[in-house]
Amino acid sequence: MERLRNVEDVMTHSTVSVDRGMAFRDIVETLRMWRLSALPVLSEDGRVIGVVSETDLPLGEQDTGAAEAATAGQLMTRPAVTVTTYAAIRAAARLMARSHLKRLPVVDEDGRLTGVVSRGDLLKVYLRPDADVAAEVREMITSQLLPGGSDEVYVHVANGVAYLHGSLPEPTLEDAVVRAAGTVSGVVDVKADFAVLPSA
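Residues numbered from 1 in each chain as written. Predicted model: local features only at pLDDT ≥ 70, side-chain atom pairs only at ≥ 80, totals over all residues. Heavy atoms only, no water.

Asker: Give me the lowdown on helix H4 (residues 89-99), citing residues and values where you can.
Answerer: Among the residues making up H4, those that are buried are Ile89, Arg90, Ala92, Ala93 and Met96. The buried residues of H4 occupy one face: seen down the axis, they fall within an arc of 165°. Downstream of H4 by one or two residues, His100 has phi in the positive range, about 55°. (Buried < 20%, exposed > 50% of the residue type's maximum accessible area, 1.4 Å probe, protein only. Helix = DSSP H or I, 4+ residues; strand = E, 2+ residues; numbered from the N terminus. Arc of directions from axis to C-beta.)

Written as structure tokens, this is what we have:
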């Protein structure tokens, strides 16, 4: 298994950003030119203070004059969801999954932009096909945690998130099952919804 690395090892160092004063029209043009869906917004000293995305832009509004007068600072979503250069890839993948984002700005210890990391970057070096991850989680539960009763536990993995459901013989087993699933390479988050089997 490949050694887990930090975000700095896989991120893209050259990235496109805007300042808070950039006008609406220029934001739209920058997004189109670079084929991006979102842009980090930087302060004067290079700190990430927000993100402006396609969903933040008032496209199609009646008052086009007011829309075009808006700036990145007025349109951006704040605070920005960011990750540090020294964060573990697993942590970045989990943050991306929980925030429903495809890209994260990468910042240094002072919050200054140093690059961007995408889900594709993480997939290349860490995340495995969901089917392979699900098979390993299922095997772990079957062979180690619930031998003889694992037919009642179902595993589904989507985008690195392991969804576990079914029945457990004891409620105290849920924490152990969730913790074990989280240790499988490629799992970025675990969501469990178990029932407890009635006592015989």
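Asker: Mind laying out the pairing of strand S7 (residues 153-158), listing which residues take part and the relevant values?
Answerer: Look at any regular strand and the pattern is simple: side chains alternate between the two faces of the sheet. Residues of S7 alternate between two faces, with Val153, Val155 and Val157 buried on one and Tyr154, His156 and Ala158 left unburied on the opposite face. Sheet topology places S7 next to strand S8 (residues 161-168); 6 bridges connect them, and they run antiparallel. Bridge pairing in S8 links His156 to Tyr163. Linking two consecutive strands that pair antiparallel, namely S7 and S8, is a turn of 2 residues; a positive phi of about 55° is found at Asn159 within it. (Pairing = 2+ DSSP bridges.)

Asker: Talk me through the sheet that holds S8; I want residue IDs and the actual numbers.
Answerer: The 3 strands lie next to each other as S7-S8-S9, forming an open sheet whose pairing is mixed. On the outer flanks of this sheet lie S7 and strand S9 (189-196), each paired with one strand and no other. Sheet twist, expressed as the mean angle between neighbouring strand axes with direction ignored, is 10°. Packed onto the sheet, helix H6 (residues 130-145) meets S7 and S8 and runs at close to 155° relative to S7. Most of the contacts of helix H7 (residues 173-182) go to S9, to which it runs at about 155°, and overall it touches S8 and S9. (Axes fitted to C-alpha atoms, helices over the stretch in contact; angles between N-to-C directions. Contact = heavy atoms within 4.5 Å.)

Asker: Before we move on, can you summarise the pattern of salt bridges with the specific residues and values?
Answerer: Counted under the stated rule, the structure contains 5 salt bridges. Lys191 is paired through a salt bridge with Asp189; the nearest N and O atoms lie 3.8 Å apart. Since its relative accessible area comes to 42%, Lys191 is described here as partly exposed. We classify Asp189 as buried; its relative accessible area is 10%. Several salt bridges share partner residues, and in doing so they unite Arg98, Asp189 and Lys191 into one network. (Salt bridge = Lys/Arg side-chain N within 4 Å of Asp/Glu carboxyl O.)

In short, geometric facts, not functional conclusions.
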